[in-house]
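For reference, the chains in residue letters:
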Amino acid sequence: GEDVEQSLFLSVREGDSSVINCTYTDSSSTYLYWYKQEPGAGLQLLTYIFSNMDMKQDQRLTVLLNKKDKHLSLRIADTQTGDSAIYFCAEIVQTGANNLFFGTGTRLTVIP
Amino acid sequence: EAQVTQNPRYLITVTGKKLTVTCSQNMNHEYMSWYRQDPGLGLRQIYYSMNVEVTDKGDVPEGYKVSRKEKRNFPLILESPSPNQTSLYFCASSAQTSGERDTQYFGPGTRLTVL
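To start, this report covers the structure provided alongside it.

Cut-offs used in this document
Residues numbered from 1 in each chain as written. Chains lettered and ligands numbered in written order. Predicted model: local features only at pLDDT ≥ 70, side-chain atom pairs only at ≥ 80, totals over all residues. Heavy atoms only, no water. Helix = DSSP H or I, 4+ residues; strand = E, 2+ residues; numbered from the N terminus. Rg over C-alpha atoms; globule rule 2.2 N^0.38 Å. Contact = heavy atoms within 4.5 Å. Lys, Arg positive; Asp, Glu negative; His and termini not counted. Charge placed at Lys NZ, Arg CZ, Asp CG, Glu CD. Pairing = 2+ DSSP bridges. Salt bridge = Lys/Arg side-chain N within 4 Å of Asp/Glu carboxyl O. Buried < 20%, exposed > 50% of the residue type's maximum accessible area, 1.4 Å probe, protein only. Polar contact = N/O pair within 3.5 Å; in protein donor to acceptor, adjacent residues only side chain to side chain. Nonpolar A, V, L, I, M, F, W, Y, C, P; charged D, E, K, R; others polar. Axes fitted to C-alpha atoms, helices over the stretch in contact; angles between N-to-C directions.

Concerning the overall build of chain B
(1) Moving on: Helix and strand counts for chain B come out as zero helices and 11 strands.
(2) Moving on: Scaling as 2.2 N^0.38, a compact globule of 115 residues should have a C-alpha radius of gyration of about 13 Å, and chain B matches this with 13 Å.
(3) Moving on: Along the first, second and third principal axes, the C-alpha set of chain B runs to 40 × 30 × 25 Å.
(4) Moving on: Within chain B, contacts between residues separated by at least 24 positions form 54% of all contacts whose residues are at least 6 apart in sequence.
(5) Moving on: If the 13 positive side-chain charges of chain B are averaged to one point and the 11 negative ones to another, these points end up 7 Å apart.

Some points on the sheet that holds strand S1 (residues 4–7) of chain B
(1) Moving on: Strand order in the open sheet made by the four strands is S1-S3-S8-S7 (chain B), with antiparallel pairing throughout. The open sheet has two edge strands with one neighbour each: S1 and strand S7 (65–66) of chain B.

Observations concerning the pattern of salt bridges
Residues and elements named next belong to chain B.
(1) Moving on: Considering all chains together, one arrives at eight salt bridges over all chains under this definition.
(2) Moving on: Residues Glu79 and Lys18 are paired through a salt bridge, measuring 3.9 Å at the closest nitrogen-oxygen approach. You can see Glu79 sitting in the loop between strand S8 (76–78) and strand S9 (87–94) and its partner Lys18 sitting in the loop between strand S2 (10–13) and strand S3 (19–25), a full 61 residues away along the chain.
(3) Moving on: Since its relative accessible area comes to 35%, Glu79 is described here as partly exposed.
(4) Moving on: Taking the shortest distance from any N to any O, the salt bridge between Arg36 and Asp38 comes out at 2.9 Å.
(5) Moving on: Since its relative accessible area comes to 9%, Arg36 is described here as buried.

Thoughts on the interface of chain A and chain B
(1) Moving on: On the chain B side, the residues contacting the 24 residues of chain A number 26 residues.
(2) Moving on: Summed over the shared surface of chain A and chain B, the number is zero salt bridges.
(3) Moving on: For the pair chain A and chain B, the interface holds four residue pairs in polar contact (both at pLDDT 80 or more).
(4) Moving on: Elements supplying a minimum of two residues to the side of chain A that touches chain B: strand S4 (29–37), strand S5 (43–50), strand S9 (85–93) and strand S10 (100–102) of chain A.
(5) Moving on: If one sorts the elements of the side of chain A that touches chain B by residue count, S4 of chain A sits on top with four residues.
(6) Moving on: In terms of residue class, the side of chain A that touches chain B is made up of 14 nonpolar, 10 polar and no charged.

Focus on the sheet that holds strand S3 (residues 18–24) of chain A
Residue and element names in this part refer to chain A.
(1) Moving on: Read across the sheet, five strands follow the order S1-S3-S8-S7-S6 without closing on themselves; strand pairing throughout is antiparallel. With partners counted over all chains shown, the strands left at the sheet margins are strand S1 (4–6) and strand S6 (55–58), one partner each. For this sheet, the mean inter-axis angle between neighbouring strands, taken without regard to orientation, is 15°.
(2) Moving on: Two strands pair when backbone bridges link them, and S1 and S3 are joined in this way by three bridges, in the antiparallel orientation. Note that in S3 the partner of Val4 across the bridge is Tyr24.

Topic: the side chain of Thr62 of chain A
Residues and elements named next belong to chain A.
(1) Moving on: One can find Thr62 in strand S7 (residues 61–66).
(2) Moving on: Judged by relative accessible area, Thr62 falls into the buried class, the value being 10%.
(3) Moving on: With near-sequence residues (within four places) excluded, Thr62 lies in contact with Met55, Lys56, Gln57, Ser73, Leu74 and Arg75.

This is how it looks when you write it as structure tokens:
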């Protein structure tokens, strides 16, 4: 499978910004996604970016894509305790099937 | 309400006892997939299906079977479970097209423990 990497843990103080990073190896990625998993729950799609875009903003979320370095980041502004969760980046490589390749997930802990 | 459902949500079983985890979606999606989630490994794809009677292996298919006899259902079968299949399993579905309509919708997960 494709190689998608993330750091495992991140802690931030409430009100600060969080930046979660992801690197991937396949340059033919078409869409890149960020999913959120709250404790005991399934995966919730947060946002996505098409590979020909550099940036996408959606309220408190900003996604940055550096295609040259194969680096994706998710910035959460004004992080709240409700943002504590595991965040997964995932990519689709257009092989004809809609297969998602996930990173290891980053556990974000927000300290009050 | 559009959703993906899985049953059971929790299961404890013993080595070798055949089990089936069901997955059903009500969105008329062509594509369905099974993943397992293990700490530090993220989600890894087990099997996927692009339509009825069309299934294919993902990254970690050993020890699993699937079937797709109807569009809405995609059961995961463990013929002879082993302890290394203890994991959290997710089913997902999406429309099989290009673009943002490809968004995958995930079920709530099934936590399986094999003793």
